[in-house]
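Each chain, written out:
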Amino acid sequence: MERGEGNVVGMLSDAARRVVFAPLDDSWGRGEAVARRLAGAIAMGLIGDGEQLPSEQELALSMNVSTITLRDALSDLRAKGLVETRRGRTGGSFVRASPVALAELSRQRLAEVGVSELRDLGDVHMAVAGTAAQLAAQRASATEIVRLRSLAVKVGELQDEAELHRIDGRFFIEVAAAAQSVRLTKQEIGLQAELAPLSWCLTGDDPARRSRLAADREAVAEAIAGRDSRLARELTEVQLAEDTQVLIAQHIELTRRRQRG
């Protein structure tokens, strides 16, 4: 049975949001980890610009952290310009997903992670997304193939930087969904939450790199549409390996700039 596009979108959004507000592992029960997860969700567009976050008590309870830890995380997000707190009866914490703040978040996050962590993240993403692409070529419905082609085309058409990277991340989530695997879809959503704050560094304001990104994703969509599982996996793995190398090179350049002062 084919799923309608609207149902797929709704299902993925609900699943992704559940991952965002799910309890943190005990070893991650720190403000930094909470801030990172919420920042990733904002970068992915899972929490929209202007959206009010749950109350501090609700959010702390759902993520299994103390209210003090949560307040530290919100303070960090405010400092990054991603959240603002309003007082009064209609007050609370609200998302501010400005392009400037998101671009700066990407640079900060890229500077923080090490080369080994970037390589490890890329390896895991290749394994998950490559397997998903292979299975999607075997299992995707006609409706899902249309959806993948549409998203790949949008990557090349969008001028808004934030929306471009959200759609690109959504492409990989949709590939996992087309593989008809709940586990792969959940893993891809979790990976995108980590990758979203870094993804801005993949293209910057370079039109050539944007065009290349769009052509790459279209090639994967066409391999899936052609039921070529080997090619779909190979293209996905090659593209993500190249993306990882771009991030590593930019991390090294950022580190050098900071060392030079």
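Look up a bit, the structure's there.
Here's a quick rundown of the structure.

What counts and how
- Residues numbered from 1 in each chain as written.
- Predicted model: local features only at pLDDT ≥ 70, side-chain atom pairs only at ≥ 80, totals over all residues.
- Heavy atoms only, no water.
- Helix = DSSP H or I, 4+ residues; strand = E, 2+ residues; numbered from the N terminus.
- Buried < 20%, exposed > 50% of the residue type's maximum accessible area, 1.4 Å probe, protein only.
- Contact = heavy atoms within 4.5 Å.
- Phe/Tyr/Trp six-rings, centres within 6.5 Å; stacked < 30°, edge-to-face > 60°.
- Lys NZ or Arg CZ within 6 Å of the ring centre and 35° of its normal.
- Core = buried A, V, L, I, M, F, W, Y, C linked by side-chain atoms within 4.5 Å.

When helices and strands are counted, the protein chain shows 11 helices and two strands. Going from the N terminus to the C terminus, the protein chain shows its helices and strands as α-α-α-α-β-β-α-α-α-α-α-α-α. Looking at the 261 residues of the protein chain, the share that counts as buried comes to 48%. A separation threshold of at least 6 residues defines the contact pool for the protein chain, and within that pool the share at least 24 residues apart is 74%.

With that out of the way, let us pick up the packing of aromatic side chains. Scanning all chains against the criterion turns up one aromatic pair. Ring plane angle 80° and centroid distance 5.6 Å describe the contact between phenylalanine 171 and phenylalanine 172, whose orientation is recorded as edge-to-face. Just above the ring of phenylalanine 94 sits the side chain of arginine 86; from NZ or CZ to the centre is 3.9 Å.

Next up on the list: the environment of glutamine 138. Assignment of secondary structure puts glutamine 138 in helix α6 (residues 115-139). The partly exposed category is assigned to glutamine 138, whose relative accessible area is 47%. In this structure, the C-alpha to C-alpha distance between glutamine 138 and serine 229, residues 91 residues apart in sequence, is 6.5 Å. With sequence-adjacent residues up to four places away left out, glutamine 138 is seen in contact with Arg227 and Ser229.

Counting 43 residues, the largest nonpolar core has Leu110, Phe171, Val175 and Ile224 as the members making the most contacts within it. Counting residues per element, the ones that place at least two in this core are α6, α7 (142-157), α8 (161-178), α9 (182-199), α10 (207-225) and α11 (229-260). If you tally residues by element for this core, the top one is α6, at 10 residues. When residues no more than four places from it in sequence are discounted, the contact partners of leucine 110 are Leu118, Leu198, Cys201, Leu247, Gln250, His251 and Leu254.

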